[in-house]
Amino acid sequence: MGFLYDSQKDGGFGGGQCSLVRGFKGLVRRKRVDSIHSKSSGTGHHQLAKELSILNLIAIGVGSTIGAGVYILVGTVAREHSGPALTLSFLIAGIAAALSAFCYAELASRCPSAGSAYHYSYICVGEGVAWLIGWALILEYTIGGSAVARGVSPNLALLFGGADSLPAFLARHSLPGLDIVVDPCAALLVFVVTGLLCVGIKESTLAQSIVTTANVCAMMFVIIAGGYLGFKTGWAGYELPVGYFPFGVDGMLAGAATVFFAFIGFDTVASTAEEVKNPQRDLPLGIGSALSICCMLYMLVSSVIVGLVPYYAMDPDTPISSAFASHGMHWAAYIITAGATTALCSTLMGSILPQPRILMAMARDGLLPPFFSEVNTSTLVPVKGTIVSGMVAATLAFLMDVEQLSGMVSVGTLLAFTMVAISVLILRYVPPDEVPLPSSLQESIDSVSLRYNSITNDIEGENPEDHIGSSGRSTQLFVGKVDEPVAYPLIPKQAA
């Protein structure tokens, strides 16, 4: 791993001042782009398997995103903040998420390595900020996964016939004297997903693609069947005396801030950059496509649900299933509940997937013990980090409530997204030699520069040696290297 400066002696300062200056420089030093750092180590313990294509990335992005926004937060946000304007809340949140997605797409294609926002912050801002962002990301994914796991129990209860129909070892229980409701089902599900992620990235992505397909089919059923019921019953949810904005524009914006939690799954795609076959092409397309699909589905489903049932009558735990059941379509509620369960499982998998990769990236840079940087030689995934992440997430899912968890996620999300946007701004003003391109892009630009100079030389008939210096200078501007200009072998024009 390279850094942008070498440690130097600070002459003219006392011992304490030298230590202070060196400590400050350690906080602001930045890492060079090194997308193949895992391969350069030569040990084989840091190399992940390149198995993901653009379809896998879209499945990861959609599966990691859809779940909490529709199946958990819709009822709460509509009842307390947005009312019938819930669709606009999703639109505003989607626009804000798209701006962040553009930043992630640029940085992920330019710096395709594990670590996501932590890696980008280390390259563009400094080690101290990167350390903070790394822990913020761990908070985001751990808390988010635990919140999603807590939402599975009510949906499973509906499949078994009612709120109290789950087996005793899976049902929620209140601990006397502690005011804590434990959820054994959520903890068990986290352990199952953790075991699946330890098998391999290809196998876990295949499983996530299957449950994501089932989820999208259930969403399409909600849109089609719900639209039919809405036109048949007259959209009772929109014909209220309080109007479209019962809580005002402020309530709609507050709802948008809350449902933004539903869009944070797209950054999971960036964390798998080191396992993508063609990261420069597939990462931007995967992030953009996944976010577009999710935003469209969110808006369509929310517009249907708030039209079927008045916002004040929505069930805060299972709003979609209860909306169809209130119109007599109890059989449809089972389909929706099954889709909701698979969606939450996929979202849980997408929340636990990035955590060990962020831990691995921090351990590579020396900010965590080497224990987390070890990659299993047979499955080519960080098994130890995955197990530790799963145990922490299972403990939180067992003990904490969804409302408390979703509020804590906003802290890590805000820090990570803000720092990614700042990193993009830094790329606009920092000279290219300080934030170089990854090796794959450097090779492509070198090839284009060589062909261009050869063609120009053949056409103009000038001396090839005159272009060697200009070729090196143009390559340095585009590639961002600080090395001496490279004299490319040019073919002189043959005499007639």
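Residues numbered from 1 in each chain as written. Predicted model: local features only at pLDDT ≥ 70, side-chain atom pairs only at ≥ 80, totals over all residues. Heavy atoms only, no water.

A. Structural detail: the overall build of the chain. From N to C terminus, the chain includes 21 helices and two strands. Counting the 496 residues in the chain, one finds 52% classified as buried. Looking at the chain alone, contacts between residues at least 24 apart form 82% of all its contacts between residues at least 6 apart. Total accessible area computed for the chain in this model is approximately 21500 Å², and 66% of it derives from carbon and sulfur atoms. (Helix = DSSP H or I, 4+ residues; strand = E, 2+ residues; numbered from the N terminus. Buried < 20%, exposed > 50% of the residue type's maximum accessible area, 1.4 Å probe, protein only. Contact = heavy atoms within 4.5 Å. Areas by Shrake-Rupley, 256 points an atom, 1.4 Å probe, with all protein chains shown as cover.)

B. Examining the confidence of the model for the chain more closely. The share of residues in the chain with pLDDT of 70 or more is 75%, and the mean pLDDT across the chain is 78. For the chain, per-element mean pLDDT is lowest for helix α2 (residues 37-40), which scores 43, and highest for helix α3 (residues 54-65), which scores 91. With pLDDT under 50 throughout, residues 5-13 is counted as low confidence; its partners more than four residues away or in other chains account for eight contacts. A low-confidence stretch, residues 35-45 (pLDDT under 50), is modelled with 19 contacts involving residues beyond four sequence positions or located in other chains. (pLDDT = per-residue confidence, 0-100.)

C. Structural context of the pattern of salt bridges. Considering all chains together, one arrives at four salt bridges under this definition. Salt-bridge contacts for R281 lead to D282; the nearest nitrogen and oxygen are separated by 2.7 Å. Under the relative-accessibility criterion, D282 is labelled buried at 2%. The closest approach of N and O atoms between E374 and K384, which form a salt bridge, is 2.5 Å. Of the two residues, E374 sits in the loop between α17 (354-364) and α18 (383-399) while K384 sits in helix α18, which places them 10 residues apart along the sequence. Accessibility expressed as a relative area gives 35% for K384, which makes it partly exposed. (Salt bridge = Lys/Arg side-chain N within 4 Å of Asp/Glu carboxyl O.)

D. Up close: the packing of aromatic side chains. Counting across every chain of the model gives 19 aromatic pairs. For the pair W235 and Y238, a centre-to-centre distance of 6.2 Å together with 50° between the ring planes defines the contact as tilted. Looking at W235, the relative accessible area reads 18%, which means it is buried. Centre to centre, the rings of Y311 and Y312 are 5.4 Å apart; their planes meet at 80°, and the pair counts as edge-to-face. What makes Y311 buried here is its relative accessible area of 11%. Members of the aromatic cluster, connected to one another through ring pairs, are Y104, Y120, F260, F266 and F417. (Phe/Tyr/Trp six-rings, centres within 6.5 Å; stacked < 30°, edge-to-face > 60°.)

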